[in-house]
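# Close look at the chain arrangement
Spelled out from the first residue to the last, the chains are:
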Amino acid sequence: MKFFHTADWHLGKLVQGVYMTDDQRYILEQFLQAIDEEQPDAVIIAGDLYDRALPPVEAVDLLDDIMAEIVLKRKVPVLSIAGNHDSPTRLQFGSKLMRETGLHIAGNITNLEPVILNDEFGEVHFHLVPFVEPSTVKSIYGDDTISTHDEAMRKIVEEIEGKMDKSKRHVFIGHAFVTPYGEKQGNTSDSERPLAIGGSECVSAEHFKPFHYTALGHLHKAHFVLNETIRYSGSPLKYSSSEANHEKGYLIVDINQDGQVSVEKRRFNPRRDLRIVEGSIQEILRTPISEDYVFVRLTDLTPVVGAMEQIRTVYPNAMHVERKTLPRDPFEEEAKALRREQLDDVSLFKAFHKEILGQEPSEIAQQLFEEVLQEMLSEERETAKEVVVK
């Protein structure tokens, strides 16, 4: 069986005040063309179809158009889940009706029954597991030991494995921050919203050993974790300057009759690239005119008057301009090059505390901050759910 693995579309995404909807449509039309050429048996979208719980109308229309093209016109099943940016209730609405047409969307984990597709060798079981808070898993299964995303995922996989027919082939579809052994790691992009803080968001890749392939979403850089059958497809477009060096695309996955998997990455060609341009204002003004989205770092030692206006004569879609910080000595280079907006919330708190009080926060102060931040993250997602329900 051959299927496409993609994730993190983030339809309705706003980057530096620019809606990316037209760029997303451009990419997804390439995706439709690839479906026509490759004739996959299914398409997987591993979460974050939208960029927020209440997406703009244009984003909803775009998703509707693409799903109609894939499922209704081309008769290719779509297997999709809610990510942490999505509203589970919004995506779950009408799922029973849509399932009859081949559109399978899991917004919550109330039903862990697999979606079963067939090829010439028999059944392939797809297990759709949307993003879910540990507290929800704790409540559903009455397991008071669950407090982290790793513990929640362990419980979910145990439930699936307990009913699994081991004679069949199994594919897991999930949206989580997966690392080889559940250890804390940095995000691959600034545009990825944290799932939790203090490392409690990390999930061990070892949980996915029962599956022949694990299709993941959340991290925006395409890569595998622990082994080549546990993979992130990455996002289809660059959504921040930290993704400038990413190669965006999708994965073509073949699973044979024995469950052996082969994976091939295909690249998208964006309407406009997103990249970083560095140099003096005079050097930049001598470069060829480009429609790309650029983040400019000026190396001029003195302030440049009207920098953005000048830059947009060459790069009309320039998104941001800043002066590159020049270190006072070589040993400060790495620290000085780190921009504040690239720090996570905890690092920002520690930097602010040190700047104001002249010392690092105590363990107790940092713990209190992390607890409050975690509550805010959870409340934000719950509020989004309530708004959709109303």
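Heads up: these notes are all about the structure in this document. (Residues numbered from 1 in each chain as written. Predicted model: local features only at pLDDT ≥ 70, side-chain atom pairs only at ≥ 80, totals over all residues. Heavy atoms only, no water.)

## A word on the pairing of strand β15 (residues 249-255)
Test applied: A 1.4 Å probe rolled over the protein chains alone gives each residue an accessible area, and that area as a share of the maximum for its type sets the label: buried under 20%, exposed over 50%, partly exposed in between. Secondary structure follows DSSP: runs of H or I at least 4 residues long count as helices, runs of E at least 2 residues long count as strands, and numbering of each begins at the N terminus. Pairing between strands requires that DSSP locate at least two bridges from one strand to the other.
For β15, a buried count of six out of seven residues is recorded, marking the element as mostly surrounded by other parts of the structure. The pairing of strand β1 (residues 2-6) with β15 spans four bridges and is classified as antiparallel. Within β15, the residue paired with Phe4 across the bridge is Ile252. Note: β15 against strand β16 (residues 261-267), seven bridges, orientation antiparallel. Each residue of the ladder has a partner; that of Asp254, found in β16, is Ser262. Linking two consecutive strands that pair antiparallel, namely β15 and β16, is a turn of five residues; a positive phi of about 85° is found at Gly259 within it.

## Concerning the sheet that holds strand β17 (residues 274-279)
Keep this limit in mind: To obtain each axis, a line is fitted to C-alpha atoms, and for helices this fit is confined to the stretch in contact; angles are then taken between N-to-C directions over 0 to 180 degrees.
Spatial strand order, β17-β18-β19: three strands in an open sheet with parallel pairing. Both outer strands of the open sheet, β17 and β19 (320-323), are each paired with one neighbouring strand and no more. Strand-to-strand twist across the sheet, computed as the mean angle between neighbouring axes with direction ignored, equals 20°. Here β17 runs beside strand β18 (residues 293-298); their pairing, made up of six bridges, is parallel. Paired with Leu274 across the bridge in β18 is Tyr293.

## Examining the packing of aromatic side chains
Keep this limit in mind: Only rings of Phe, Tyr and Trp enter the pairing, Trp through its six-membered ring, and a pair is recorded when the two centres are within 6.5 Å. The plane angle decides the type: under 30 degrees is stacked, over 60 is edge-to-face, the rest tilted.
Taken as a whole, this structure holds 10 aromatic pairs when the rule is applied. On the numbers, 5.7 Å between centres and 80° between planes, the contact of Phe3 with Phe126 is edge-to-face. You can see Phe3 sitting in strand β1 and its partner Phe126 sitting in strand β8 (residues 122-129), a full 123 residues away along the chain. For the pair Phe3 and Phe126, one class covers both residues: buried. Ring geometry for Phe172 and Phe208: centres 4.9 Å apart, planes at 55°, overall tilted. With a gap of 36 residues between them, Phe172 in strand β9 (residues 169-175) and Phe208 in the loop between β11 (202-204) and β12 (213-217) connect regions that are remote in the sequence. Each member of the pair, Phe172 together with Phe208, is buried. Three or more aromatic residues joined by ring pairs make a cluster, and in this case those are Phe4, Trp9, Phe31, Tyr250 and Phe268.

## Looking at the packing of helix α5 (residues 134-141) against helix α6 (residues 149-162)
Relative orientation and spacing of two packed helices are given, respectively, by the angle between their axes and the distance between those axes. For clarity, the threshold we go by: Put simply, angles under 35 degrees are roughly parallel, angles over 145 are roughly antiparallel, angles from 65 to 115 are roughly perpendicular, and the rest are oblique. Note on convention: the crossing is left-handed when the near helix lies turned anticlockwise from the far helix by less than a right angle, right-handed when the turn is clockwise. Any two residues whose heavy atoms approach within 4.5 Å at even a single point are treated as in contact. Residues are sorted three ways: Asp, Glu, Lys and Arg are charged, Ala, Val, Leu, Ile, Met, Phe, Trp, Tyr, Cys and Pro are nonpolar, and all the rest, Gly among them, are polar.
Running from N to C, α5 and α6 cross one another at 40°; their axes reach a closest spacing of 8 Å. The angle between the axes of α5 and α6 places the two elements in the oblique class. Every pair of crossing elements has a handedness; the one defined by α5 and α6 is left-handed. Contacts between α5 and α6 pair Pro134, Val137 and Tyr141 from the former with His149, Ala152, Lys155, Ile156 and Glu159 from the latter. Classifying every residue of the contact of α5 with α6 gives five nonpolar, one polar and two charged.

## Observations concerning the packing of helix α1 (residues 21-38) against helix α2 (residues 57-73)
It is the contact of α1 with α2, at a shortest axis distance of 11 Å, that shows an interaxial angle of 5°. Here α1 lies roughly parallel to α2, going by the angle between them. Within the contact between the two elements, α1 uses Thr21, Gln24, Arg25, Leu28, Phe31, Leu32 and Ile35 and α2 uses Glu58, Leu62, Asp65, Ile66, Glu69 and Ile70. Grouping the amino acids of the contact of α1 with α2 by side-chain chemistry returns seven nonpolar, two polar and four charged.

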